[in-house]
Amino acid sequence: MFRFFYKIFIKPVLFLFDAEFVHENMLGFGELVGGLNPDARSGPRQNRRGIWFLKKIFGRKYSELKQNISGIDFESPVGLAAGFDYEAKLTQILPSLGFGFQAVGTITNQAYPGNPKPRLGRLPKSKSLMVNKGFKNKGAKFISEKLKNFTFSNAIGISIGVTNTEKITTIESGIEDIIPAFKIFESGGIKNSYYELNISCPNLKVKIDFYNPENLNKLLQSVNQLGIKKPIFIKMPINIADDEALVMLKVIAENKMAGVIFGNLQKDRNNEVLKHEEVARFPVGYFSGKPTEKRSNELIKLAYQNFGKQLVIIGCGGVFSAEDAYKKIKLGASLVQLITGVIYEGPQLVSEINRDLVKLLKKDGYNNISEAVGTESRK
Ligand SMILES: Cc1cc2nc3c(=O)[nH]c(=O)nc-3n(C[C@H](O)[C@H](O)[C@H](O)COP(=O)(O)O)c2cc1C
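Named according to an unreviewed UniProt entry, the chain is Dihydroorotate dehydrogenase (quinone) originating from Candidatus Brennerbacteria bacterium RIFOXYD1_FULL_41_16. The Pathway (unreviewed entry) comment attached to the chain in UniProt states, word for word, "Pyrimidine metabolism; UMP biosynthesis via de novo pathway." Looking at the chain in UniProt, the text filed under Cofactor (unreviewed entry) is "FMN".

Written out as structure tokens, the structure reads:
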């Protein structure tokens, strides 16, 4: 019902406007309905009526979808991926839309106003978005101050990356920038949270090769010296060969990270799913959505088959339905994330995925989502 309303009435109107303008306004609206007002003198307050109403319609919980992963409770395996809520405006509203967790950021040590426009564009025939934000964000201190005032019913993934400046030219200077961002969030004592370390943003001026195993090892060893207790997941690229991915996964497992997220944007402009007339409209940026799905799934399978016992896998890329999410889970993902699917299918999508995932589980004879994880990769 809401899906029909969104697709026929809301989306055509939203798509008349500039994509970044709509994104900003959606965040503002979500913040308002969620009742977050960081400037309120009396401190943060929840808009209980707004949240109650949304919860009634979209927020149904299912025992079949509950999991505890790396010590964190997840009501649903479906979360919001990094990049959408980069100022932590949606933390109070997303649980009522059925989301089981969300990333905030990517946040960097120093604030960054964003790459020159265009930063966001739509490729509807390719079911994709062009992304060229380059870590537009207000910096670690600002977001940490904001987050520490709240409690969260959903786990918050604090996504941390390197500050986007050409001044950072070596792995040492990159690490010197990233470590203070972790320290800021650690001292903020953010409740119910985990970390995502984003080493795979393709839109940066920083040209450090974090995929090189020696560099990656140096970075992860430095992070480990902080003695962080919360789980840390590494946000991985998808434009890498299998052998390169395996070398990186080995370093990540040896450094005892909690897991990996496969993966980030599609860099290949000749990707078979991208419609070339749409790509030609965007001389800059890289691509989300369906063009990321195939490689994301292949890498989830590779990671599960080789490191499934050591690393938790979060699947991300091109999830537009419960079937898409279930595919990733059966390949080895314990959790999935999405952004682009919600833009094209509507804000009700995650509640629909939750409902339909339960049906898919029952059909396969599983009582809980964790029983389905990796079943297709074990064959
Ligand atoms: C608007 C937008 C901004 C993004 N920014 C980030 C980011 O800051 N950090 C990050 O790790 N990934 C970022 N991504 C990548 C997404 O987290 C995700 O990996 C990718 O879009 C594939 O998922 P999807 O097909 O469900 O969108 C961004 C994606 C979009 C669409």
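This is not the end of the story, as more comes after the structure.
(A) Quick peek at the environment of Ser 222. Of note, Ser 222 is situated in helix α6 (residues 213-224). On the basis of neighbour counts, which here come to 17 C-beta atoms within 10 Å, the residue Ser 222 falls in the partly exposed class. Separated by 126 residues in the primary sequence, Ser 222 and Gln 348 place their C-alpha atoms 41 Å from one another. Once residues lying within four places of it in the same chain are set aside, the contact partners of Ser 222 are Ile 175 and Ile 179.

(B) Inspection of the nonpolar core at higher detail. Within the largest apolar cluster, 106 residues are counted, with the highest numbers of intra-cluster contacts made by Phe 233, Val 260, Phe 262, Ala 303, Ile 313 and Val 336. With sequence-adjacent residues up to four places away left out, Phe 262 is seen in contact with Met 236, Ile 238, Ser 296, Leu 299, Ile 300, Ala 303, Ile 313, Gly 315 and Cys 316.

(C) Structural detail: the confidence of the model for the chain. Residue-level pLDDT values for the chain average 91, and 96% of them are 70 or greater. Note on residues 37-44: pLDDT under 50 across the span, and nine contacts to partners over four residues away in sequence or across chains.

(D) Broad picture of the packing of helix α9 (residues 290-307) against helix α10 (residues 322-331). Relative to each other, α9 and α10 sit at 25 degrees, their axes nearing to 8 Å. With respect to α10, the element α9 is oriented roughly parallel. The residues of α10 that touch α9, namely those facing Asn 297, Ile 300, Lys 301 and Tyr 304, are Lys 327, Lys 328 and Leu 331. For the contact of α9 with α10, the per-class residue count stands at three nonpolar, one polar and three charged.

(E) Here's a closer look at the UniProt feature "domain: Dihydroorotate dehydrogenase catalytic" (unreviewed entry) in the chain. In this structure's numbering, the residues bearing the UniProt feature "domain: Dihydroorotate dehydrogenase catalytic" (unreviewed entry) are residues 65-361. The span residues 65-361 is 34% helix and 20% strand, and its two end C-alpha atoms sit 9 Å from each other.

(F) Representation of the packing of α6 against helix α7 (residues 242-254) in the model. Where α6 meets α7, the axes come as close as 10 Å, and the angle between the chain directions of the two elements is 20 degrees. In terms of their interaxial angle, α6 and α7 are classed as roughly parallel. As for how α6 packs across α7, the hand of that crossing is right-handed. Between α6, through Pro 213, Leu 216, Asn 217 and Leu 220, and α7, the contact on the second element is made entirely by Val 247, Met 248, Val 251 and Ile 252. Taken together, the residues of the contact of α6 with α7 break down into seven nonpolar, one polar and no charged.

(G) Just the site of the ligand, in detail. Taken together, 28 residues lie near the ligand, and Ala 81, Gly 83, Thr 106, Ser 288 and Thr 340 sit nearest. At the level of elements, β4 (101-108), β6 (128-131) and α11 (340-345) are the ones that each hand at least two residues to the shell around the ligand. The residue inventory of the shell around the ligand, partitioned by class, reads 13 nonpolar, 13 polar and two charged.

(H) The arrangement of the pairing of strand β13 (residues 335-338) in detail. Alternating positions in β13 separate into two faces, Leu 335 and Gln 337 on one and Val 336 and Leu 338 on the other, with burial throughout. With three bridges connecting them, strand β3 (residues 78-80) and β13 associate as parallel partners. Considered in β13, the bridge of Val 78 is made with Val 336. Examined bridge by bridge, strand β12 (residues 312-316) and β13 share three bridges and lie parallel to one another.

(I) View of the environment of Phe 287. Among the structural elements, Phe 287 can be located in strand β11 (residues 286-287). A tally of 27 C-beta atoms within 10 Å means that Phe 287 is categorised as buried. Separated by 13 residues in the primary sequence, Phe 287 and Leu 274 have C-alpha atoms spaced 8.6 Å apart.

(J) Fine view of the pairing of strand β8 (residues 193-198). With respect to burial, β8 is a largely interior element, five of its six residues being buried. With five bridges joining them, strand β7 (residues 155-161) and β8 adopt parallel strand pairing. From the neighbouring strand, Ile 158 faces β8, where its bridge partner is Tyr 195. Once you follow β7 into helix α5 (residues 171-188) and on to β8, the crossover reads as right-handed. Examined bridge by bridge, β8 and strand β9 (residues 232-236) share four bridges and lie parallel to one another. Directly across from Asn 198, in β9, lies its bridge partner Lys 235.

How each quantity is defined
Residues numbered from 1 in each chain as written. Predicted model: local features only at pLDDT ≥ 70, side-chain atom pairs only at ≥ 80, totals over all residues. UniProt positions renumbered as here; feature names shortened; annotations may be inferred. Helix = DSSP H or I, 4+ residues; strand = E, 2+ residues; numbered from the N terminus. Buried ≥ 20, exposed ≤ 12 C-beta atoms within 10 Å, placed from the backbone. Contact = placed C-beta atoms within 7 Å. Core = buried A, V, L, I, M, F, W, Y, C linked by C-beta atoms within 7 Å. pLDDT = per-residue confidence, 0-100. Axes fitted to C-alpha atoms, helices over the stretch in contact; angles between N-to-C directions. Parallel < 35°, antiparallel > 145°, perpendicular 65-115°, else oblique. Nonpolar A, V, L, I, M, F, W, Y, C, P; charged D, E, K, R; others polar. Left-handed = near helix turned anticlockwise from the far one by under 90°. Near = placed C-beta within 6 Å. Pairing = 2+ DSSP bridges. Right-handed = clockwise from strand over helix to strand, strands pointing away.

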